[in-house]
Structures are given as structure tokens and as C-alpha cells.
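These are the residues of each chain, in order.
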Amino acid sequence: MKSSSSMRSQPPAPGSRRSPRGPTAGSLRRRLLAWFDQNKRAMPWRGLHDPYRIWVSEVMLQQTQVATVIPYYERFVARFPTLESLARAQERDVLRLWAGLGYYARARNLMKAARQIVKQGGAIPGRFDQLLRLPGFGAYTAGAVASIAFGQRVACIDGNVIRVAARLLALPGDPRMGPPRRELEAAVSGWVDPHRPGDFNQALMELGATICLPATPRCHDCPLARVCRARRDGLENAIPPPRPSRTTPAEAVVGVCRERGRVLIARRPEGKRFAGLWEFPGGKVNAGESGPEALAREFMEELGIRIAVGREIAEIKHTYTRFRITLRAYEARRVAGVPRPIASAEIRWVPVSRLGEYAFPAANQKLIALIERS
Ligand code: SF4
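Small disclaimer: the values here were computed from a predicted structure and weren't measured.

Novice: Please clarify how the pairing of strand 2 (residues 262–267) should be interpreted in this entry.
Specialist: Side-chain positions along a regular strand alternate between the two faces of the sheet. Counting buried positions along strand 2 yields five of six residues, so the element is predominantly enclosed. As judged from the two bridges shared by strand 1 (residues 248–259) and strand 2, these two strands associate in the antiparallel manner. Counterpart to Glu-259 in the pairing with strand 2 is Arg-262. Between the end of strand 1 and the start of strand 2, which pair antiparallel, lie two residues, with Arg-260 showing a positive phi angle near 45°. Of the strand pairs in this sheet, strand 2 and strand 7 (residues 346–351) are connected by six bridges, and their pairing is antiparallel.

Novice: So what exactly am I meant to see when it comes to the packing of helix 2 (residues 51–61) against helix 6 (residues 105–119) here?
Specialist: Two quantities define a packed helix pair, namely the angle between the helix axes and the distance between the axes. The contact between helix 2 and helix 6 brings their axes to 10 Å, and the two run at 155°. Relative to helix 6, the element helix 2 is oriented roughly antiparallel. Note on packing geometry: the crossing formed by helix 2 with helix 6 is right-handed. Side by side, helix 2 and helix 6 meet where Trp-55, Val-56, Val-59 and Met-60 of the first sit next to Arg-106, Leu-110, Ala-113, Ala-114 and Ile-117 of the second. Within the contact of helix 2 with helix 6, the residues separate by chemical class into eight nonpolar, no polar and one charged.

Novice: What is the right way to read the site of the ligand from this model?
Specialist: Arg-167, Ile-211, Cys-212, Cys-219, Cys-222, Ala-225, Cys-228, Arg-231 and Glu-236 make up every residue found near the ligand. Each residue belonging to the shell around the ligand can be placed in one class, and the counts come to six nonpolar, no polar and three charged.

Novice: Please explain the packing of helix 1 (residues 25–39) against helix 11 (residues 197–210) as it appears in this structure.
Specialist: Relative orientation of the contacting elements helix 1 and helix 11 amounts to 75°, with a least axis distance of 9 Å. Between helix 1 and helix 11, the angle falls in the class roughly perpendicular. Together, Leu-28, Arg-29, Leu-32, Leu-33, Trp-35, Phe-36 and Asn-39 of helix 1 and Asp-199, Phe-200, Gln-202, Ala-203, Leu-204, Glu-206, Leu-207 and Thr-210 of helix 11 make up the contact between the two elements. A breakdown of the residues in the contact of helix 1 with helix 11 according to their chemical character gives nine nonpolar, three polar and three charged.

Novice: Where do I start with helix 2 in this structure?
Specialist: Within an α-helix, residues lying three or four positions from one another point in the same direction, as the helix has 3.6 residues per turn. Taking burial as the measure, the 11 residues of helix 2 include 10 buried ones, the bulk of the element. Taken as a whole, helix 2 has its buried residues at Pro-51, Tyr-52, Ile-54, Trp-55, Val-56, Ser-57, Glu-58, Val-59, Met-60 and Leu-61. Close packing links the buried residues of helix 2 with helix 3 (66–79), helix 4 (83–87), helix 5 (91–98), helix 6 and helix 8 (139–149). Regarding helix 2, its N-cap is Asp-50, as a side-chain oxygen of that residue lies 2.9 Å from the backbone nitrogen of Tyr-52 further along. Just past helix 2, the residue Gln-63 takes up positive phi, approximately 65°.

About the thresholds
Residues numbered from 1 in each chain as written. Predicted model: local features only at pLDDT ≥ 70, side-chain atom pairs only at ≥ 80, totals over all residues. Heavy atoms only, no water. Buried < 20%, exposed > 50% of the residue type's maximum accessible area, 1.4 Å probe, protein only. Helix = DSSP H or I, 4+ residues; strand = E, 2+ residues; numbered from the N terminus. Pairing = 2+ DSSP bridges. Axes fitted to C-alpha atoms, helices over the stretch in contact; angles between N-to-C directions. Parallel < 35°, antiparallel > 145°, perpendicular 65-115°, else oblique. Left-handed = near helix turned anticlockwise from the far one by under 90°. Contact = heavy atoms within 4.5 Å. Nonpolar A, V, L, I, M, F, W, Y, C, P; charged D, E, K, R; others polar. Near = heavy atom within 4 Å. Polar contact = N/O pair within 3.5 Å; in protein donor to acceptor, adjacent residues only side chain to side chain.

The values reported here are purely geometric and, on their own, carry no functional implication.
Below is the structure:
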């Protein structure tokens, strides 16, 4: 899993090759790259020099594991094989291919940046500072594209790299923020191999994903065990300190309203979370409301229709970055009124067999799978 935290530091001046508390850059590079050359996992974007495909893969990999990304990546580049094809795409087609990956702002920014690059001549810029000016490019993505596709010697620091580097340095404090974070960025920037910056960055991330695991680091298999300060001091399980929980619980209800073999869905309006995605009508449960009461209220407020709430079909729990949702789905039968999109961009009656053609947030997708089986 990758972090999208910002990282703007550049390599320290030549000569400052060793962090005050870390291993020397030379021994670390040698050990890490030799291990990577032998052990790197096959991925469809590995070995490519096409900056567009490297960029797409890196955007998908933010907050998402490799095994999940691979089929999405393959479908995406089959449908949009070039920057120009993405720049010409309809947003709803892009979102449909993205559905299930989450963090839809990533897909929108990918499109925006593609259009901006095409307007500016069609060549993806090759430098970290130029990439940072494009929509959706944070320090991680800019560092990944600049180093992997263009060979610029810059670091890219994701959650895996933070964990590995904090352990290599036996860094006290929370390495995700403040002075420890700055010390870590300076150290990692100094470690990046000047001849193979892209491989070095991928190797550090790969080590974090496969060996230096969060709960159970496999130090016995680690190529850096001899230079790791946390390992030397027996601190590998204590570094980094646990992240404080940022998720807040939320409760919501949705209604599956069917008529003549079709089910009613609504598209979320601009400016709202999950804008542009489709959903089953419903909303948050207010304090003191039962699920059916909340659902009847939401249908009236958002669609202008009165419903009879039927049996509960499913209870789905899903965790997004900042909140955990418990979503209860009920059967809903229209009793009075004609639905209209009062609080949504658009509504449609859709055959169940065609729900898969629409992009839904992840929690709704779990429900679709249940409806399709029922
Ligand atoms: S020795 Fe252990 S803690 Fe240190 S980098 Fe390797 S796996 Fe991580």
C-alpha cells in the first residue's frame, strides 16, 4: 500500500553520502540492487520505458496492492493505450474502468493531466519539478515517473519506503511527519543510486512489500540485515510506531427499488464525494432514526417518491481511507410519485444484468454482486 504523503526534498549535496545514523549509500545500493535483480516480481509495467504506462501504473498503485492493480492496469491500457487516447476519453468511460479501485480523484486527475500534456505538445515532461505542476502529481508520482521512466536521480517515498527506511535508520519518533520525516527523506534521497535511480526506488518499495513487512519483518531473508540499525538493536517490531486510527464510523442505508426487471440507480452530483459515480438511492442514518425510516426519508428528499421498505437484503461493511461504513440494503417498493433527480445528477432504471456497465463506489459493488446472484 502506498502513501500519497508529500515529499519534496532533493538529493543532498555530493559528499553527504551518509545519514548521521544510517548505513552508507554504497553498501546499501549494492546489496539492495543485487537482491532486486534476483528477486523482483514480474509486473506488466516492469521493464517498460513508456512514461505513460509507468505513470498509469504508479497512479493505480497508490493506496492499492499490486495484485489488485494488475487486471485494472491491463484493461485500462488495452482501452486507452496512449496518452492521446486517454486525453480524448469520456470521463464516464474512464471511471467505469476504474470502478472498484477507489480514490476516483486519481482517475479524474489522470485525464486532466493527459489533456493538459496534449495541449502543451503531447510529450510527458521528464523532470521532477515539471511533473509536480501537473494535476494529480504529488511528490511520490513525480518521483516515480522521473526516476523510472526518465532516469532522474530523485527518491519516491511511499508507505513501504517509509517503513524500511525508518528501520534501517532506527529512526525515533513517527517517520510519517515532522522532523523524523524530513530526516528520512534526506537519507533516502542520498541513498538513490545515480546510475539506476528507477530500479533503486522500485527495489526499496519491493523490499517493503515482500520482506520488511509491517507486522512481521522477515529479517532472516533480508539483504540489508547486516546494515540495518533496527535489526542490530532489536527494534524491528517497534519501528515505526503504530499509526493513530483516523477512520470514523458511519452508518448508511440504500434501497434496491425494482420495477419490470429494472433497478433504480442515481449518479452522484459534482462537488460531492464519489462525484460522477452511480449508486443505489439512500443516505446516512441520522441519530434516533431506524434504517427503514432513514431510507423512506432519503427517497422522498432525493427522488420525490414515497416507498414501502421491505426486507433487509444485506449488511455490508467497508473501510474507505477516512471512514468505515456499515451499509444496510433494503428492498424498496415505489408507492407514490415519479422519481426525479432532486439531489443527483441523473437517475436511470437499469436491468440488473447491466449494472456492471456502471461505475459504483466499492461498498455498492459488493451489493451488486449479491443482487446479481439473487
Ligand atoms: S533487517 Fe529486518 S527490519 Fe531491517 S530492513 Fe531488513 S527486514 Fe526490515
